[in-house]
Every structure is written in structure tokens, then in C-alpha cells.
Protein chains: 2
Amino acid sequence: MRLLIGQTGAPTSVVNASLRGFLDGAQGHDVLALRGGPDGLVDGRFTPATLADVPPEWTRRGGSWLGAGRRAVTDDDLDAAVATLAAHRVDGVALIGGNGTMALLAALTERAERAGLPLCTVGIPKTVDNDLVGVDHCPGFGSAARYLATVVPDLARDHAAMRSIEPVRIVETLGRSVGWLALAATRHRDDPAHAPHLVLLPEVPFDSAEFLHRVSDTLDAHGRAFVVTSEGAARELTDEPFDAVNHTRILTGGVSRRLAALVTAELGVVARGEVLGMVQRSAAALASGVDRREAAEAGRCAARLLAEKATGLMVGLHRTGTDPYAAGYDPVPLADVAGRTRPVPPEWRTTDPAELDEFHRWLAPLVTE
Amino acid sequence: MRLLIGQTGAPTSVVNASLRGFLDGAQGHDVLALRGGPDGLVDGRFTPATLADVPPEWTRRGGSWLGAGRRAVTDDDLDAAVATLAAHRVDGVALIGGNGTMALLAALTERAERAGLPLCTVGIPKTVDNDLVGVDHCPGFGSAARYLATVVPDLARDHAAMRSIEPVRIVETLGRSVGWLALAATRHRDDPAHAPHLVLLPEVPFDSAEFLHRVSDTLDAHGRAFVVTSEGAARELTDEPFDAVNHTRILTGGVSRRLAALVTAELGVVARGEVLGMVQRSAAALASGVDRREAAEAGRCAARLLAEKATGLMVGLHRTGTDPYAAGYDPVPLADVAGRTRPVPPEWRTTDPAELDEFHRWLAPLVTE
């Protein structure tokens, strides 16, 4: 078979592990690499690739060997992509990505079928946001979570030392519509004062009076308040767009700075807002080993599914054991995943990190190593 | 002797190594810990401390076991501090800090002498900014530099993958008045397009037209431009204060966002400004091993100097060998250091990372391990 492997959306620390996993699983088949994300799909930037072409050290790096990118794909784009796939006699396409990618792949599946092109399609899950349905967690998330679980405790200790001039510090994680990464940033429980003291998620409506009250109480109790916020929490405070088509507009965050300004205006204390930024998705030196292995296995599974002529699927990632931790990869229908997002479940929707012990136990195997 | 050890200024990833080094070197003496930075010095927050009181795991953590902080110390504060030191019968004071701390220690030395209090004083150098005179480099700098040398290449690869929607990315390092950390962020030389493409230092006057011209040329050549800037570069674009007394006002950066807005306004391309923030000084998981050992040795030397009744000195840190790398610790007079800053030397003042090979060789032993 002739298989095409590509990536759309943004890189993660382990996306190149998925690529190498796929190329490993696809050995014996003819593989083309789609370079440059959705633009490359539409324009037909396909070049032959084997495992030997992707240096193993790329699995220890941020970024994406394939390139990546976003694009609001139109019907004309889909037609162009189908024609290009037909011209290259591609039998199967695997795309690494999140819910936008899975929607693109579902649309491509449907469009190819309508055009009479026999095409197998399999999605390889990837998102630091962890908002794909159909999986226990998503490749990419564990590494971003491990970065946060590593550096946020240090930021909290740094803040403890500097509280006399900066009583309130508010750090902002990725997560426009879901709070998984903000929750991961609360893993730290060994500080005497149990910072972070407060966490804000998009899933929990922001209550300005309650927020200020909690910050004020924390200041009274600990002489400082250390807050974690999702970039998408308290969206009424930001003027960034929330519904840019397919994330084609870059979002630079900033709600932490708005919250800090609110604290200073209302409570009269110095506050710092700090956006943690793109390093969360690219800091490969602090990537999770479990995440890297699962990302590779997800790639391998995708190649196997295409070789078996499966189509319209996304590789799953299911927790099959908790002690010891184990995962399985049974696929899920693309149609069940495409365009949907998975918020933090109700039992973990809280502003109080002390209520998150069960979440921290769930998270532990993904970030410990 | 009765010795007092404290820290003023902000923490670094290795400041607790200096503390443990001091407590190790001071064994056999009576040691008091000054908790809470300059406020603690003025208020007399002194408690007995031994090596056993500071858990070794604190040398693998951000923040400061002693606590830290900043304060614009007045003459009255100095009088109070001298009275408190006399009441506690302190024979020698070591303060870990940067040039503000050394100025405070010099003033305290002079004030004690005038009050007839026999007091020995030794400074232990500490600053991620690397702007202390009298040393080859400063404990703390190597770890912040290693963080940058590790994550900035990943950010550059992430940017390469996302260039279709975000052609310009500008990342901002610490360094209000000096560009040492921005230079460290250019260490990455293994990208095909040799990002970072451009670096902005406070030591090099900002030329808006030249900057835009260079960004535009880089876009033409590589399809993207990845820029590193010191927070203190292009200061005419910021409205943050530059001369807050003794850094007592928090500074949140943001020149990268101003530069990004300039690029978008003038070149019509999407640009992201990203402030790397406090994680540079606190991310102990990526701290430099050489830095940690040197920080500990600087602490040990300070204890030894006080035991020898030396006074008015700062522990030095001199490069005594390059192949293999080796360092020595001959002290320098506090008066030569106090309140001065050391900019990047003229030969490394450039906007072109390709001209920094000699700097990168100088940096290598401090960040490799």
C-alpha cells in the first residue's frame, strides 16, 4: 500500500515519536510524508519517507519534523486534496492532530468516498490540551503536564521568597476551552502553604467577587496568594477571540495579566500575571517518558490499522490498568471524535487544588517519569 | 564566631546550594539564618541554623530556603540593622545577592565601623543577569542560561512548524540592563535555518528601521523570523520603569509584545511576542551542574573568609582554565563591586547570533551539564 503521514495543528514534545512509530509500523509499505501541515495536504507536498529519514534525536526535540500548521480548510481545499491523493495513488492517510484534525480527516474521508476514491483514513491523537473525546488522555498532554508539574512548584517557591514585594502571582497555562493543563499545574503538594492556592478553569464560571475574596483570604492566611489559571478562564476579562476558525488566529493569552490588574485595583496589592506560553508544548527536555512511548505506539497502531485497510478511525488510548498503570489502543470512530471537545469532568471542576487528590492520582503515571 | 547568613534580591535555581555550601564551611561556628531578605535584616529575623536544618533536596529546587526579597534600605534601616547585629553579638555577616546586595553590604560595613561594632562582611555572588563586576560569571547565571539554551531551540523548532500562521516569533529573556541571558538563548546552532535569526540586547541601541529590515530579509530567506530580545532592549518601546529603587517594583516585561505589534503594523505579518518570565530563574530541573557546584563553593569560601576575619569582600569566581574548564574563587573588594553593573563586552555586542561563536565557546562549560 501507499500511505501518507502528516500532521496538522501545533507540535507537541512527543509528536515526532508518533511519526517514528508510524514509520516503524509502516515498514514494508510505500510511505509518503506530508510536509507543512494542512497547506501541504492541499498543495500536495508529498515526499517519500522511511524510518531512516527521521533522525531518532527528533524524538527528544520540540517542534515537528513533518512541519505543522493550521488552516480553515474549505470545500475547494478538500477537492484539491482528494485530487492530489488520487494523482499520487495514495491508499491510506494518517494525520496526527487534535479535534480539528479529526474533523478534517472525517471530511476528507467523506469527500473521497463521494469522489469514488478508495481511501483509508486513520487519525493519530495529539493535543497538549487533552480535549479529545474517546481517549483516557491524549499523547502530548502528559509532556506538557509534566513540564507544568515540574516548573510550577519552583515558581511557587520563587514566589514564596518574593512575597514581600509581590504578594500575588498568577500563572497562566494553555487551555483555551478546557482546564486540563491548569489542573496539572496544581500537582505540587509539598509546599508548607500548599501552593497553588487557587485554580481557574474555563469549565467553572468566573465569579469576580468570589475570586477576590479567596485571594484576600489566602493573603491573610499565608502572606501571599499563588494562582494558576487556564488561558480560557475568566474569558469576560480578555479581548482575545475565542472562536477563530480552526485556531487559524494566534492567541497570545493574557488573562493572568488582567486578573493581576483586577487584584491590584480591588485589593491594592502588587500582583504579577505570567503567561507560561509555547514552552509548555515544546520543552522536550522535560517530556514524559510514558507520553513518549504512548505517542510512538499510537503511531504504530495507525500504520497497522491502515495496513489492515481500516478507515474512518482514530487510534484510541485507554487506561487498562491502574496499579501498575497500563494502556490499550482500541480505535474509536472518527465521527465520534471530529470537532468535539472534552471538558474537565464535573467531579474535577473546582477552584480549590486541595479537592484534586483523585485527579492527581489519575495524572501521576503520565508525568512521574 | 557567630555568623549570620542571608539572601537579598530574587532567588536563583542554585541559591540554596550556596546556602548549604556556607553552612558546610561554617561548621564549628555558631550560625544564624536571616530569614526573609532585607526586611528580615532590618527587623532582626535571625534563627539558629546548621547544615542539618536545610534539606539537601532544596539544592534541587527553585526558590530560597532563606526567603529573599527587595527593599530600598534607608539610613534608618541600616542603623536598625547594626543595632540588631550588635544585640545578637554577630561577628560576621554573609549576604547572597547581586550588585544591590553588595551595595547594601558595603553600606552596612561602613555603618557598623562608624558605630564601633566590629563586624566582618563577605558577599556571595548571585544573579541570573550575570551583571556583577569582578567575576568571570556569576552563580545563578549558568542555570538560567542552561534553561534558555535548552528550551529556546525547542521553541524555535515549534516556530518553524507553525510559520504558516505565525511567521514572526519574538521571545523575551530576563535582563533589564544587560544582555547576557539573551545571548545565552542564541546558543542553538543546529537548526537548518540557524534560528534565532536576530538578538536584541540593551547594550546595542535599538534601530527600528534596521530591525524591520532584518526581520523582512529573514522572512524572505527562511519564510519566518525567530527573534530573541532582552527585556531591557528597545526600552523606548516600553512604558515600564527602568530605575525603580533597588528593584523594589516588580517588572513584568513586555517589549517582545511591543516588537511583535511593530512588526505586524509595519510589515503586515502575524507576530507573537512571548515573555519567558520567572521560570528562567527558578526551573531547577534544568539547572546547570557546574553552576550548582560553583554556587556551593562560593558559599563555602564565604564562610572560610569570615572565619579568617576577612571583611569588605565578595567571593570571586574566576576562570582559571579553559580546557579543561576550571574556576578559582579569589575574593574581590566589595567596594569594587557595589552598585556597579557589568554589561556584555563590546566584542559580543551584536544583533547577529552568527557572530557569537566565541561567546558560545565561553558559555559552553557553564551550561553543558
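Computed from a prediction, not measured in an experiment: that's the story for all the values here.

Thresholds applied
- Residues numbered from 1 in each chain as written.
- Chains lettered and ligands numbered in written order.
- Predicted model: local features only at pLDDT ≥ 70, side-chain atom pairs only at ≥ 80, totals over all residues.
- Heavy atoms only, no water.
- Helix = DSSP H or I, 4+ residues; strand = E, 2+ residues; numbered from the N terminus.
- Rg over C-alpha atoms; globule rule 2.2 N^0.38 Å.
- Buried < 20%, exposed > 50% of the residue type's maximum accessible area, 1.4 Å probe, protein only.
- Contact = heavy atoms within 4.5 Å.
- Areas by Shrake-Rupley, 256 points an atom, 1.4 Å probe, with all protein chains shown as cover.
- Lys, Arg positive; Asp, Glu negative; His and termini not counted.
- Charge placed at Lys NZ, Arg CZ, Asp CG, Glu CD.
- Buried area = accessible area lost by both parts, 1.4 Å probe.
- Salt bridge = Lys/Arg side-chain N within 4 Å of Asp/Glu carboxyl O.
- 1 Å grid on protein atoms, 1.4 Å probe; cavity = no way out; pocket = protein on both sides within 12 Å on 5 of 7 lines; lining within 4 Å.
- Points joined across faces, edges and corners; volume = space filled by probe spheres on them.
- Nonpolar A, V, L, I, M, F, W, Y, C, P; charged D, E, K, R; others polar.
- Least-squares fit on C-alpha atoms with pLDDT ≥ 70 in both.
- Pairing = 2+ DSSP bridges.
- Right-handed = clockwise from strand over helix to strand, strands pointing away.
- Axes fitted to C-alpha atoms, helices over the stretch in contact; angles between N-to-C directions.
- Parallel < 35°, antiparallel > 145°, perpendicular 65-115°, else oblique.
- Left-handed = near helix turned anticlockwise from the far one by under 90°.
- Domains from an automatic or database assignment.

Secondary structure assignment for chain A yields 12 helices and 13 strands. At 21 Å, chain A has a C-alpha radius of gyration in line with the 21 Å of a compact globule built from 369 residues. With respect to the three principal axes, the spread of C-alpha positions in chain A is 70 × 45 × 35 Å. Out of the 369 residues belonging to chain A, those deemed buried represent 62%. Pairs at least 24 residues apart make up 77% of the contacts formed inside chain A by residues separated by at least 6 positions. For chain A, the exposed area adds up to about 12,800 Å²; of that, 49% sits on carbon and sulfur atoms. Between the averaged position of the 37 positive side-chain charges in chain A and that of its 47 negative side-chain charges there is a distance of 5 Å.

A word on helix 1 (residues 15–25) of chain B. Taking burial as the measure, the 11 residues of helix 1 of chain B include eight buried ones, the bulk of the element. Every buried residue of helix 1 of chain B is listed here: Val-15, Asn-16, Ala-17, Ser-18, Leu-19, Gly-21, Phe-22 and Leu-23 of chain B.

This part takes up the interface of chain B and chain A. Contact residues are listed per partner, giving 48 residues for chain B and 48 residues for chain A. Of the roughly 3,600 Å² buried at the junction of chain B and chain A (both faces included), carbon and sulfur atoms supply 60%. Area buried by chain B at its contact with chain A is led by Ile-165, Ile-250 and Arg-272 of chain B, which between them contribute 17% of it. Here Arg-281 of chain B and Asp-158 of chain A are joined by a salt bridge, their closest N and O atoms 2.7 Å apart.

All names here are of chain A. With respect to the helices and strands, the residue His-188 is situated in the loop between helix 6 (180–184) and strand 7 (198–200). Classification of His-188 by relative accessible area gives buried; the value is 5%. Dropping the residues within four chain positions of it, His-188 is found in contact with Pro-153, Ala-156, Arg-157, Ala-195 and Pro-196.

With that out of the way, let us pick up empty space enclosed by the protein. Throughout the structure, instances matching the rule amount to one cavity of 30 Å³ or more. Volume-wise, the largest cavity comes out at about 30 Å³. Around the largest cavity, the lining residues are Tyr-147, Val-275, Leu-276 and Val-279 of chain A together with Tyr-147, Val-275, Leu-276 and Val-279 of chain B. When its residues are assigned to classes, the lining of the largest cavity shows eight nonpolar, no polar and no charged.

Another aspect to go through is the relation of the copies chain B and chain A. Between chain B and chain A, which share one sequence, the superposing operator has a rotation angle of 180° and an axial displacement of 0.0 Å; the RMSD is 0.0 Å. This pairing of chains is accounted for by a two-fold axis. By residue overlap, the copies meet face to face through one surface: 100% of the interface positions of chain B are interface positions in chain A.

To continue, consider the pairing of strand 5 (residues 120–125) of chain A. Residue and element names in this part refer to chain A. Most of strand 5 is tucked away: six of the six residues are buried. Burial along strand 5 is two-sided: Cys-120, Val-122 and Ile-124 and Thr-121, Gly-123 and Pro-125, pointing in opposite directions, are all buried. Bridge count for strand 4 (residues 92–97) against strand 5 is six bridges, and the pairing is parallel. Bridging across to strand 5, Ala-94 finds its partner in Val-122. Considered for its hand, the β-α-β crossover made up of strand 4, helix 4 (residues 99–114) and strand 5 is right-handed. Relative to strand 10 (residues 313–314), strand 5 runs parallel, the two sharing two bridges.

All names here are of chain A. Following both chains from N to C, one finds helix 3 (residues 75–87) and helix 4 inclined at 65°, their axes separated by 10 Å at the closest point. When the axes of helix 3 and helix 4 are compared, the pair comes out roughly perpendicular. You can see that helix 3 and helix 4 cross each other, and the crossing is right-handed. On the side of helix 3, the interface is formed by Asp-75, Leu-78, Asp-79, Ala-81, Val-82 and Leu-85, while helix 4 contributes Leu-104, Ala-107, Leu-108, Arg-111 and Ala-112.

Below, the discussion takes up the sheet that holds strand 3 (residues 46–48) of chain B. All names here are of chain B. Pairing within the open sheet is mixed, and its seven strands lie in the order 3-2-1-4-5-10-13. Each edge of the open sheet carries a strand with a single partner, namely strand 3 and strand 13 (332–333). Against the sheet, helix 10 (residues 289–307) engages strand 1 (2–7), strand 4 (92–97), strand 5 (120–125) and strand 10 (313–314), with an angle of about 170° to strand 5.

What follows deals with the domain arrangement of chain A. Residue and element names in this part refer to chain A. For chain A, the assigned domains are domain 1 (2–140 + 285–337) and domain 2 (146–282 + 345–367). Measuring from the centre of the C-alpha atoms in domain 1 to the corresponding centre in domain 2 gives 32 Å. In this assembly, 21 residues from domain 1 lie in contact with 19 residues from domain 2. Buried area between domain 1 and domain 2, summed over both chains or domains, comes out near 1,800 Å², and the portion from carbon and sulfur atoms is 56%. When the area that domain 1 buries against domain 2 is broken down by residue, the three leading residues are Arg-70, Asp-129 and Leu-286, summing to 29%. Here domain 1 is connected to domain 2 by zero salt bridges.

Right, let's talk about the sheet that holds strand 9 (residues 271–275) of chain A for a bit. All names here are of chain A. Taken together, the four strands give an open sheet; going across it, the order is 7-8-6-9, and neighbouring strands pair in parallel fashion. Only two strands of the sheet have a single partner each, and these edge strands are strand 7 and strand 9. Averaged over all neighbouring strand pairs, the angle between strand axes comes to 20°, with direction disregarded. Pairing geometry for strand 7 and strand 8 (residues 225–230), over three bridges, is parallel. Looking at strand 8, one finds that Val-199 is bridged to Val-228. Running over the sheet, helix 8 (residues 255–267) touches strand 6 (168–173), strand 7, strand 8 and strand 9 and is turned about 175° from strand 9.

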